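An overview of the molecular structure
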Amino acid sequence: MGKDEIIVGLDVGTVKVCTVIGELGEDDQIEIIGIGTAPSLGVKKGVIIDLDQAIQSVKQSIENSERMAGARINSALISITGSHIASTNSKGVIAISGESPEITERDIEKVIEAAKAGIVSPEKELIHTLSREFIVDGQSGIVDPLGMSGTRLECKVHIITGSITIVQNLIRCIEGAGIDIEEIIFGTLASSNAILSNAEKELGSMLVDIGAGTTEIAIFIEGGLAYSAVLPVGGNQITNDLAIGLRTSIDEAEKIKINYGSTVENIVSPERVVEISSINGKDKHTVSKKYLVEIIEPRVSEIFSLVRVELKKSGYYDMIPGGVVITGGSSLLPGISEIAEQVLNLPSRLGGPHYEGELADMVNDPSYSAAIGLLSYATEKYSIGRSYKISKRKTGLRNFFGRIISWLKDFF
Ligand SMILES: Nc1ncnc2c1ncn2[C@@H]1O[C@H](COP(=O)(O)OP(=O)(O)OP(=O)(O)O)[C@@H](O)[C@H]1O
Ligand SMILES: [Mg+2]
């Protein structure tokens, strides 16, 4: 198995680390050959707070995926999340100089630099510079201006940055687990590749990934990422509310949430009550399922109220007829999509990976959206940072990515 034929996605989440190993087959299709998860220790709200513990969790997840794949891995694409992530839209403008008015690679680099100027500060690490469009002599909507004629080149970009310290800790963690980092990718940007269709991105849609410690938001307008944000809330808050309301432990509350939790009362269910172990673990008491809904529904509504605040802040509220797509482990909560519709007043659906290979049953879980999305991200075309990095790589790798692009076309 050649090195270039393996591609790995590694997502360090608040509750689990997930490693996915894909193999590029002779038919140019990616086959997922290994998936390994491990409980995430030393991670809070998507951010590493204990390096040693986090390294052990990453190692365990990698070992589990390697065991399933029967292959060793030495590098991976890594996702990043956390409320330290900031994003902004910016614009650069340059005059095309030189004898002929043909736009060169150097001009494109210069206009991107101009768009980045003043945005990146010393305490911020640049994670992505995503092109939204190029404008040549007033002509907008250009995806790639290379070779075009013009005298004035403008570029609209979406820039994503993160805290340098937090990014460095993630790098230390992954490298500490013996893995070379191919690239660090914003989690929801990765998820969007596995979940949103190109049509949804073109039409205007919002992806909301609700994990355990974070809720990540990404708004796509005219095919490109136009707004992103990470809120420090998620399924853990729902579990905490249940633990308090039911006077039980966090572990018991988590089990109750997974097995019986809902945002709507199931009126056809024959069982109306649930048995709960009290905090000391010895006594038991019962509560009605209606009571669970009374605890869960307000918290879920609150999470979407926070999403609505971001959506209003973005200025794109009226520009997402494609609606809202909810993913992440917490999207498994029954009735969550209906709550999103009520609070956001937009059409909403649930989304998870839709892989069709042998491990589909295992892989197509919304809590794996980011890890699976990392594999598809290898095909990202509109990431300027990425395309330049790829073009600087050795030819073998460039061919490799070219082949993946053809796989993606078949896959989606
Ligand atoms: N069936 C279910 N019903 C309700 N909640 C669920 C269900 N299954 C998982 N969850 C919740 O999903 C959350 C975990 O989601 P996920 O695996 O996407 O998180 P993560 O990626 O580790 O965290 P984050 O993205 O916040 O860093 C937990 O809070 C868990 O309780
Ligand atoms: Mg996650």
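Residues numbered from 1 in each chain as written. Chains lettered and ligands numbered in written order. Predicted model: local features only at pLDDT ≥ 70, side-chain atom pairs only at ≥ 80, totals over all residues. Heavy atoms only, no water.

1. Quick look at the sheet that holds strand β1 (residues 6–12)
Short version of the rule: Being paired, for any two strands, means DSSP has found at least two bridges between them. Strands here are runs of E lasting at least two residues and helices are runs of H or I lasting at least four, both read from the DSSP assignment and numbered beginning at the N terminus. Axis definition: a line fit to C-alpha positions, over the contact stretch in the case of helices; interaxial angles, taken between N-to-C directions, run 0 to 180 degrees. Between two residues, a contact is recorded if the distance between any of their heavy atoms is within 4.5 Å.
Taken in spatial order, the five strands of this open sheet run β3-β2-β1-β6-β11, and their pairing is mixed. At either end of the open sheet lies a strand with only one pairing partner, and these are β3 (30–39) and β11 (180–186). Direction aside, neighbouring strands of the sheet carry axes that sit 20° apart on average. Pairing between strand β2 (residues 16–24) and β3: nine bridges, direction antiparallel. Counted as the bridge partner of Gly-22 is Ile-32 from β3. Each of β1, β2, β3, β6 (75–80) and β11 is contacted by helix α11 (residues 369–377), which is oriented at about 140° to β1, the strand it contacts most.

2. Describing the packing of helix α6 (residues 235–245) against helix α8 (residues 289–314)
Helix-helix packing is described using two parameters, namely the angle between the two axes and the distance between the axes. Our working rule: Crossings are assigned a handedness: left-handed for a near helix turned anticlockwise from the far helix by less than a right angle, right-handed for a clockwise turn. Think of it as three bins: nonpolar holds Ala, Val, Leu, Ile, Met, Phe, Trp, Tyr, Cys and Pro, charged holds Asp, Glu, Lys and Arg, and polar takes everything else, Gly as well.
Interaxial distance between α6 and α8 falls to 9 Å at its minimum, and their mutual angle equals 145°. Crossing geometry of α6 relative to α8 is assigned as right-handed. Between α6 and α8, the contacting residues are Gln-237, Ile-238, Asp-241, Leu-242 and Gly-245 on the first element and Tyr-291, Leu-292, Ile-295, Ile-296, Arg-299 and Val-300 on the second. Taken together, the residues of the contact of α6 with α8 break down into seven nonpolar, two polar and two charged.

3. Digging into the nonpolar core
For clarity, the threshold we go by: Among buried residues, those of type Ala, Val, Leu, Ile, Met, Phe, Trp, Tyr and Cys that are joined through side-chain atoms within 4.5 Å constitute a nonpolar core. Throughout, exposure labels follow a simple rule: accessible area from a 1.4 Å probe, protein chains only, divided by the maximum for the residue type, with under 20% read as buried, over 50% as exposed, and the rest as partly exposed.
Core analysis: the largest hydrophobic core is formed by 61 residues, its most contacted members being Leu-10 and Val-58. The residues touching Val-58, leaving out its near neighbours within four places in the chain, are Leu-10, Val-12, Val-17, Cys-173, Ile-174 and Ala-177.

4. Let's talk about the pattern of salt bridges
When charged atoms on two side chains of opposite charge get close, those side chains can pair. What counts here: One speaks of a salt bridge when a side-chain nitrogen belonging to Lys or Arg is within 4 Å of a carboxyl oxygen belonging to Asp or Glu.
Applying the stated criterion across every chain yields a total of twelve salt bridges. Residues Glu-113 and Lys-116 are paired through a salt bridge, measuring 3.4 Å at the closest nitrogen-oxygen approach. Residue Glu-113 and its partner Lys-116 are located together in helix α2 (residues 105–116), separated by three residues, close to a single helical turn. Exposure remark for Lys-116: the relative accessible area of 18% places this residue in the buried category. With its nearest N and O atoms 3.3 Å apart, the salt bridge here joins Lys-290 to Glu-294. Taken as a pair, Lys-290 and Glu-294 lie in helix α8 at a separation of four residues, close to a single helical turn. Glu-294 gets classed as partly exposed once you look at its relative accessible area, which sits at 44%. Through salt bridges with shared partners, a single ionic network connects Lys-91, Arg-152 and Glu-154.

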